[in-house]
Amino acid sequence: NAGVMQNPRHLVRRRGQEARLRCSPMKGHSHVYWYRQLPEEGLKFMVYLQKENIIDESGMPKERFSAEFPKEGPSILRIQQVVRGDSAAYFCASSPVQTGDTQYFGPGTRLTVL
Amino acid sequence: SQQGEEDPQALSIQEGENATMNCSYKTSINNLQWYRQNSGRGLVHLILIRSNEREKHSGRLRVTLDTSKKSSSLLITASRAADTASYFCATDAGNQGGKLIFGQGTELSVKP
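Please read all numbers here as calculations on a predicted model, not as lab measurements. (Residues numbered from 1 in each chain as written. Chains lettered and ligands numbered in written order. Predicted model: local features only at pLDDT ≥ 70, side-chain atom pairs only at ≥ 80, totals over all residues. Heavy atoms only, no water.)

If you tally the helices and strands in chain A, you get zero helices and eleven strands. For chain A, the α and β elements follow one another from N to C terminus as β-β-β-β-β-β-β-β-β-β-β. In terms of overall dimensions, chain A is globule-like: its C-alpha atoms have a radius of gyration of 13 Å, near the 13 Å expected for 114 residues. By principal-axis analysis of the C-alpha atoms, chain A measures approximately 35 × 25 × 25 Å. For chain A, buried positions account for 45% of its 114 residues. A fraction of 53% describes how many contacts in chain A between residues 6 or more apart in sequence connect residues 24 or more apart. Roughly 5700 Å² of accessible area belongs to chain A as shown, and the carbon and sulfur atoms make up 46% of that amount. When the 16 positive and 11 negative side-chain charges of chain A are each reduced to one mean point, those points stand 7 Å apart. (Helix = DSSP H or I, 4+ residues; strand = E, 2+ residues; numbered from the N terminus. Rg over C-alpha atoms; globule rule 2.2 N^0.38 Å. Buried < 20%, exposed > 50% of the residue type's maximum accessible area, 1.4 Å probe, protein only. Contact = heavy atoms within 4.5 Å. Areas by Shrake-Rupley, 256 points an atom, 1.4 Å probe, with all protein chains shown as cover. Lys, Arg positive; Asp, Glu negative; His and termini not counted. Charge placed at Lys NZ, Arg CZ, Asp CG, Glu CD.)

Put into structure tokens, the structure is as follows:
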């Protein structure tokens, strides 16, 4: 059973470009979470999705950030018009049920904005 | 906002010694989890303890939970150089859905 997969592992963008981060949850997991980790800090929750639904986006910046988890295919975190402050590691996690269960993390995508 | 706090922020010990890390949180929880992160890597799940549990063991790891004090501790016994990593506690934020609230982490260095 493959773990949570994220790609790309490293992404370099210039200011103003778009960044697309992909996450494939573990097999059998229908709950996906995105977290952001700034340098020397802990992880901060961004968004929680189930298939075709955004359940909780309370941690998402109001502008430029969006996420989806379509019926088919991976979950996508999209950052439009990136700025230097978006440089961080973005982690995806999945779980088979919502509350009270272990979340399994992917290796992360490290975004660098030049 | 609700956020766990861990102490110490950094811990340096010799191989073979025990390492204890503490975590405090602010609101009621359903469970608390500990994760390890090696430098530049993803998070590895270590152990989950539910709010009705007081202690849990997994190999060289021992986790305690005191819900009255809103605190947890992670003990690593007989540490090894390979245990060098950052350790994070994460709570499930009670009734706020599935999201995890992470602490700032403890950076553990085990010297051979």
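Once you've had a look at it, read on.
A few words on the pairing of strand β11 (residues 109–113) of chain A. Consecutive side chains along a regular strand alternate between the two faces of the sheet. Residues and elements named next belong to chain A. The buried fraction of β11 amounts to four of the five residues, a majority that puts the element mostly inside the structure. Across four bridges, the pairing between strand β2 (residues 10–13) and β11 is parallel. Along β11, the bridge assignment pairs Arg 13 with Val 113. Sheet analysis places strand β9 (residues 88–95) next to β11, joined by three bridges and oriented antiparallel. Its bridge partner lying in β11, Tyr 90 is registered against Thr 109. (Pairing = 2+ DSSP bridges.)

Quick look at the pattern of salt bridges now. All names here are of chain A. Taken as a whole and judged by the stated rule, the model has six salt bridges over all chains. Across the salt bridge formed by Glu 18 and Arg 20, the nearest N and O atoms sit 2.9 Å from each other. Bridged by salt links that share partners, the residues Glu 18, Arg 20 and Arg 78 form one connected network. (Salt bridge = Lys/Arg side-chain N within 4 Å of Asp/Glu carboxyl O.)

Let us now look at the interface of chain A and chain B. Listed as interface residues are 22 residues of chain A and, on the opposing side, 23 residues of chain B. For the pair chain A and chain B, the two sides together bury roughly 1600 Å², of which 50% comes from carbon and sulfur. Where chain A meets chain B, there are zero salt bridges. On inspection of chain A and its partner chain B, the count reaches five residue pairs in polar contact (both at pLDDT 80 or more). At the level of elements, β4 (31–37) and β5 (43–50) of chain A are the ones that each hand at least two residues to the side of chain A that touches chain B. Residue contributions to the side of chain A that touches chain B peak at four residues, all from β5(A). Residues of the side of chain A that touches chain B, tallied by class, amount to eight nonpolar, nine polar and five charged. (Buried area = accessible area lost by both parts, 1.4 Å probe. Polar contact = N/O pair within 3.5 Å; in protein donor to acceptor, adjacent residues only side chain to side chain. Nonpolar A, V, L, I, M, F, W, Y, C, P; charged D, E, K, R; others polar.)

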